[in-house]
Every structure is written in C-alpha cells, then in structure tokens.
Amino acid sequence: MIYIAAIAAIVILLLQFTDSIPMASVGGAMTIAIAYIGAALAVGIHEAWTKKRGVFGWVVNILVTFVGAVAAATLGGDSLAMLLSDGSGSLAAAGGARFSIALVGGMLITLLGAWGALWIVNRWRS
C-alpha cells in the first residue's frame, strides 16, 4: 500500500504543478477532495482485492475507507493548515512549497485515516 501513497502524492503534486487546481473558485477544493477520496477508495479496493473479500466485504471496505478518510482529512487537514500557516492568508493563495507540503501532508493523513479505519474493522473480522 506504500505504492498507493507514493502515487497519490505524485498525482496531487502534478495537479498543482500543472495548474489543474483552480485557485479562484470552489473548484480547487473539489479537485483536491476528489483526489483525496479517490486515493482512499483505492486503498479500500486494494485491500478487498488482495484479501479476496466477497461482495459484502467489498462494500464494507469501501464504506469504511470513505468514512476513515473523511474523518482524517477533516481533523488532520485543519491541524496541518494551522501548523503551516503564517497568518498572512490561505495556503492556496500563498502557493509554493508550503502549499505543496500541505497537499501531500493532507493526502498522507487521509490515507492514514483510511488505513486506520480498515485496520480497526479487520480486527473485528477475525
């Protein structure tokens, strides 16, 4: 699953460097959210595929990773933004290295939340 994290981090940085994340509207936040949730769902699908889960297992994996990712992104993203902010404005408006760190950090926190939620559910499954 480390490959998923590495690929997701590269993809979110490519989105930023190619200016595919609009900074003037809500579209930027939606683009970032789609990338985060897509990576988290890839974690759930990968785990279901490798563990040869049944249909119910696939559904549970996808729902659990979604809930874990949203919870982690909400809590961790806000904390990360406070740590990286210098008080002059938003990280997106500032751009540069701090915004890149925030994007990758948010992605990794989101994936950790998805993995953590799957870990908890897998402890109950056995």
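Caption draft 1: Region of the structure containing the overall build of the chain. Within the chain, the regular secondary structure consists of five helices and zero strands. Helices (α) and strands (β) of the chain occur, in sequence order from the N terminus, as α-α-α-α-α. In terms of C-alpha radius of gyration, the chain reaches 15 Å, essentially the compact-globule figure of 14 Å for 126 residues. Considered along the principal axes of its C-alpha atoms, the chain spans approximately 50 × 25 × 25 Å. Expressed as a percentage of the 126 residues in the chain, the buried residues total 36%. Looking at the chain alone, contacts between residues at least 24 apart form 70% of all its contacts between residues at least 6 apart. Surface summary for the chain: the accessible area is close to 7,400 Å², and the carbon and sulfur share equals 75%. Taken as two groups, the 6 positive and 4 negative side-chain charges of the chain have centres that lie 22 Å from each other.

Caption draft 2: Representation of a nonpolar patch on the surface within the structure. Taken together, Ile 2, Tyr 3, Ile 7 and Val 11 make up a surface patch of nonpolar side chains, about 470 Å² in accessible area. Looking at the secondary structure, you find Tyr 3 in helix H1 (residues 2-17).

Caption draft 3: Expanded view of the packing of aromatic side chains. Applying the stated rule across the entire model yields one aromatic pair. Consider the rings of Trp 49 and Trp 58, whose centres lie 6.4 Å apart with planes at 80°: the pair is edge-to-face.

Caption draft 4: Focus on the environment of Ala 39. Topologically, Ala 39 is positioned in helix H2 (residues 27-50). Classification of Ala 39 as buried rests on a relative accessible area of 9%. When the C-alpha positions of Ala 39 and Leu 111 are compared, they lie 7.2 Å apart, and in sequence the two are 72 residues distant.

Caption draft 5: Region of the structure containing the layout of surface pockets. Of the voids in this model, the largest pocket is the one considered here, and its volume is about 580 Å³. Contributing elements (two or more residues each) for the lining of the largest pocket: H2, helix H3 (55-84), helix H4 (91-94) and helix H5 (96-125). At eight residues, the largest contribution of residues to the lining of the largest pocket is made by H3. Across the lining of the largest pocket, the residue classes break down as 18 nonpolar, eight polar and one charged.

About the cut-offs
- Residues numbered from 1 in each chain as written.
- Predicted model: local features only at pLDDT ≥ 70, side-chain atom pairs only at ≥ 80, totals over all residues.
- Heavy atoms only, no water.
- Helix = DSSP H or I, 4+ residues; strand = E, 2+ residues; numbered from the N terminus.
- Rg over C-alpha atoms; globule rule 2.2 N^0.38 Å.
- Buried < 20%, exposed > 50% of the residue type's maximum accessible area, 1.4 Å probe, protein only.
- Contact = heavy atoms within 4.5 Å.
- Areas by Shrake-Rupley, 256 points an atom, 1.4 Å probe, with all protein chains shown as cover.
- Lys, Arg positive; Asp, Glu negative; His and termini not counted.
- Charge placed at Lys NZ, Arg CZ, Asp CG, Glu CD.
- Patch = residues over 30% accessible without salt bridge, like charges linked within 9 Å, V, L, I, M, F, W, Y side chains within 5 Å.
- Salt bridge = Lys/Arg side-chain N within 4 Å of Asp/Glu carboxyl O.
- Phe/Tyr/Trp six-rings, centres within 6.5 Å; stacked < 30°, edge-to-face > 60°.
- 1 Å grid on protein atoms, 1.4 Å probe; cavity = no way out; pocket = protein on both sides within 12 Å on 5 of 7 lines; lining within 4 Å.
- Points joined across faces, edges and corners; volume = space filled by probe spheres on them.
- Nonpolar A, V, L, I, M, F, W, Y, C, P; charged D, E, K, R; others polar.

Worth remembering: the numbers are spatial, not functional.
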